[in-house]
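Coordinates in review
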Amino acid sequence: MNPQIEVWLENLKEVVYDAEDVVDEIECEALRREVVKSRNTTQKVRRFFSSSNPVAFHFRMGHELKKIRETVAKIVALKSDFGLTEWIFDRHVIHKEREMTHSFIATSNVIGREQDTVNITEYLVQSIDGENVTIFQLLE
């Protein structure tokens, strides 16, 4: 692959990671606000003048989003330099209802494990250096 395209793709990947980080920060802020709702007025005033000020957060996130948009615009502008074109595929996604799963397996559906059961039982029952062995019954 063309080394310039590899750099271009790496830049694209980095800006996507940056966007993902911003989304994570916004989600964390939303959770933090849920906790803050239960605080009293004094604590809310203290928070307003702290580093986690909601106005400052909105300003910082707006600045981050602006940087991401500008970076994406530069990356998109470079695609024509490499002869890359956009194709839009109209794919119809079919969502199938998945069968519910569980960890229970009916013993009638297990085939060929009789010898394994015997081997495990014998191993567990063996005494080690004459010590007593405690046996637990496993119920199905």
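Calculation rules
- Residues numbered from 1 in each chain as written.
- Predicted model: local features only at pLDDT ≥ 70, side-chain atom pairs only at ≥ 80, totals over all residues.
- Heavy atoms only, no water.
- Core = buried A, V, L, I, M, F, W, Y, C linked by side-chain atoms within 4.5 Å.
- Buried < 20%, exposed > 50% of the residue type's maximum accessible area, 1.4 Å probe, protein only.
- Helix = DSSP H or I, 4+ residues; strand = E, 2+ residues; numbered from the N terminus.
- Contact = heavy atoms within 4.5 Å.
- pLDDT = per-residue confidence, 0-100.
- Patch = residues over 30% accessible without salt bridge, like charges linked within 9 Å, V, L, I, M, F, W, Y side chains within 5 Å.
- Areas by Shrake-Rupley, 256 points an atom, 1.4 Å probe, with all protein chains shown as cover.
- Salt bridge = Lys/Arg side-chain N within 4 Å of Asp/Glu carboxyl O.

The protein goes by Disease resistance N-terminal domain-containing protein in an unreviewed UniProt entry, where it is assigned to Hevea brasiliensis.

To continue, consider the nonpolar core. Counting 7 residues, the largest nonpolar core consists of W8, V15, V22, F57, M61, I68 and I75. The leading source of residues in this core is helix 3 (residues 54-79), at 4 residues. Residues in contact with F57, not counting those within four places in the same chain, are E25, I26 and E29.

Moving on: the confidence of the model for the protein. Mean pLDDT over the protein stands at 77; residues scoring 70 or higher make up 76%. Summarising per-element confidence for the protein, the mean pLDDT is lowest in helix 2 (residues 41-48) (57) and highest in helix 3 (89).

On the surface, a cluster of nonpolar side chains totalling about 440 Å² of accessible area is made up of I120, Y123, L124 and V125. With respect to the helices, strands and loops of the structure, I120 is situated in helix 4 (residues 114-125).

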